[in-house]
Amino acid sequence: MRRFAEAGIRPRTKLGQNFLIDLNLVRLLLRTAQIGPDDVVLEVGTGTASLTAMMAEQAAAVVTVELDPQLFQLASEELHGFQNVRMLHVDALKNKNRLNPAILETIGEDLGAGAGRQFKLAANLPYNIATPVLSNLLALDRPPKSMTITIQKELADRIAARPATKDYGALSIWIQSQCRVEVVRVMPPSAFWPRPKVHSAIVQIELDSELRGRIPDRDFFHQFTRSMFFHRRKFLRSQLLIAVKDRLDKPAVDRILDEMGLDGTLRAEELEVPTMLALAEKVRSEVAG
């Protein structure tokens, strides 16, 4: 807070700026990330660079992204002397469905700079971009081996949700279809400055290559899963008809449900991840003809 006052900076809540000020929790996030000398770490939201500096002492390289020009300048001063830190003054997202290419290019350069390097995400994610950042990272051909993040508890609940619960949805399925998820610690508003109105959580998301390898077409699966939750309360048959509109007719949809032994009066939120994956693949093969 003193450093902000000296620099004449005020937190910008519209950019999701809530700074983790409990150093014990910062260290817990760092320990959970298990950063090593072969890791190239992406941090979205440099903030005051306290986590950045800690990670730089352990990682091969840190690529840290900050949109706020005042914070970028402050962090630049704090990180002076760290040769393995690359700071990017850009928006993390090119658009809702795509990460900024400058970030991916920089990460690619650092990954290629040494044998055996691996990609990780570790960040106190700005609340307003957390969902698209996580979704788009998992859509990459070479996604992070792990994502260790602080996010709103509400989002953590959605990521870790089980079928037939109110939090279970497309995001739950997209992440759990490829990763193992653990909610490491729930954090009160007092752990942050300014204090948010909600609780937060440290979440560890570990990529599972075996799970990911079971998805033949990730782009199709991602879009299909999202479309199955556009109208959450609709029955499965009705929602599936909407999702495949102009591609499959009603008899084809009924045949798919019958062959899979699925009751058309179920809802998408009742389907477990393997079932949704099997349904998506069945639809994909039918559409392909």
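The following refers to the structure shown. (Residues numbered from 1 in each chain as written. Predicted model: local features only at pLDDT ≥ 70, side-chain atom pairs only at ≥ 80, totals over all residues. Heavy atoms only, no water.)

### Some points on unusual backbone geometry
Consideration 1: Following W193, the chain continues to P194 via a peptide bond in cis, the omega torsion being -10 degrees.
Consideration 2: Although it is not a glycine, Q34 sits at a positive phi angle of roughly 50 degrees.
Consideration 3: In this structure, A49 is a non-glycine residue whose phi angle is positive, near 75 degrees.
Consideration 4: You can see A49 is positioned in the loop between β2 (39–44) and α3 (50–56). (Helix = DSSP H or I, 4+ residues; strand = E, 2+ residues; numbered from the N terminus.)

### Notes on the packing of helix α10 (residues 218–227) against helix α13 (residues 273–288)
Consideration 1: Where α10 contacts α13, the axes come no closer than 10 Å and their chain directions differ by 110 degrees. Judged by the inter-axis angle, α10 sits roughly perpendicular to α13. Where α10 abuts α13, its residues F220, F221, F224 and T225 lie against M276, L277, L279, A280, V283 and R284.
Consideration 2: Looking at the contact of α10 with α13 residue by residue, the class counts come to eight nonpolar, one polar and one charged. (Axes fitted to C-alpha atoms, helices over the stretch in contact; angles between N-to-C directions. Parallel < 35°, antiparallel > 145°, perpendicular 65-115°, else oblique. Contact = heavy atoms within 4.5 Å. Nonpolar A, V, L, I, M, F, W, Y, C, P; charged D, E, K, R; others polar.)

### Considering the side chain of T32
Consideration 1: Examined against the element boundaries, T32 turns out to sit in helix α2 (residues 23–33).
Consideration 2: Looking at T32, its side chain comes within polar contact range of the main-chain oxygen of L28, at 2.7 Å.
Consideration 3: Once residues lying within four places of it in the same chain are set aside, the contact partners of T32 are T148, V184 and Q204. (Polar contact = N/O pair within 3.5 Å; in protein donor to acceptor, adjacent residues only side chain to side chain.)

### Description of the pattern of salt bridges
Consideration 1: Using the criterion set out here, one finds 15 salt bridges in the structure.
Consideration 2: E210 serves as the salt-bridge partner of R214, at 2.9 Å between the closest nitrogen and oxygen.
Consideration 3: Under the relative-accessibility criterion, R214 is labelled partly exposed at 48%.
Consideration 4: When its relative accessible area of 56% is taken as the criterion, E210 is described as exposed.
Consideration 5: Between R233 and E269 there is a salt bridge, with the nearest N and O atoms lying 3.2 Å from each other. Linking R233 in the loop between α10 and α11 (236–243) with E269 in the loop between α12 (250–260) and α13, this pair joins segments that are 36 residues apart in sequence.
Consideration 6: Judged by relative accessible area, which is 12%, E269 ranks as buried.
Consideration 7: One network of salt bridges, with partners in common, ties together R86, E109 and D110. (Salt bridge = Lys/Arg side-chain N within 4 Å of Asp/Glu carboxyl O. Buried < 20%, exposed > 50% of the residue type's maximum accessible area, 1.4 Å probe, protein only.)

### Describing α12
Consideration 1: Where α12 is concerned, the buried positions are A252, V253, I256 and L257. Within α12, the buried residues cover an arc of 135 degrees as seen down the axis, which keeps them to one side. Turned more than 90 degrees off the buried face of α12, the exposed positions are K250, P251 and D258.
Consideration 2: In this fold, the buried residues of α12 make contact with α11 and α13.
Consideration 3: Just past α12, the residue G261 takes up positive phi, approximately 70 degrees. (Arc of directions from axis to C-beta.)

### A look at α11
The α-helix winds at 3.6 residues per turn, so residues separated by three or four positions along the chain end up facing the same way.
Consideration 1: Regarding α11, the residues found buried are L236, Q239, L240, L241 and A243.
Consideration 2: In this structure, the buried residues of α11 make contact with α10, α12 and α13.

### Focus: the nonpolar core
Consideration 1: By size, the foremost hydrophobic cluster in this structure holds 66 residues, and its most contacted members are L42, M228 and L279.
Consideration 2: Setting aside chain neighbours within four positions, we find L42 in contact with V63, V65, I103, I107, F119, K120, L121, A122 and L137.
Consideration 3: Residues A56, L79, F192 and I202 belong to the second largest nonpolar core, which totals 25 residues. (Core = buried A, V, L, I, M, F, W, Y, C linked by side-chain atoms within 4.5 Å.)

### Some thoughts on the sheet that holds strand β9 (residues 179–187)
Consideration 1: Judged by pairing direction, the sheet is mixed, and its seven strands sit side by side in the order β4-β3-β2-β7-β8-β11-β9 without closing on themselves. The strands lining the two open edges of the sheet, one partner per strand, are β4 (85–88) and β9. Across the sheet, the mean angle separating the axes of adjacent strands is 20 degrees when strand polarity is ignored.
Consideration 2: Here four bridges tie β2 to strand β7 (residues 118–124), and the two strands are oriented parallel to one another. Bridged to L42 within β7 is L121. (Pairing = 2+ DSSP bridges.)

### Let's talk about the side chain of H222
Consideration 1: Turning to its location among the elements, H222 is positioned in helix α10.
Consideration 2: With residues up to four places along the chain from it excluded, the contact list for H222 reads S135 and W174.

### Observations regarding the pairing of β4
Consideration 1: Here strand β3 (residues 61–65) runs beside β4; their pairing, made up of four bridges, is parallel. When the bridges of β4 are listed, T64 appears paired with M87.
Consideration 2: Taken together, β3, helix α4 (residues 69–78) and β4 form a β-α-β motif whose crossover is right-handed. (Right-handed = clockwise from strand over helix to strand, strands pointing away.)

### What about the pairing of strand β8 (residues 146–152)?
Consideration 1: With six of its seven residues buried, β8 lies for the most part within the structure.
Consideration 2: Alignment of β7 against β8, held across five bridges, turns out to be parallel. Following the sheet pairing, A123 is matched in β8 by I149.
Consideration 3: Each parallel crossover has a hand, and for β7 linked through helix α6 (residues 130–138) to β8 it is right-handed.

The quantities given are spatial measurements derived from coordinates; they are silent on function.
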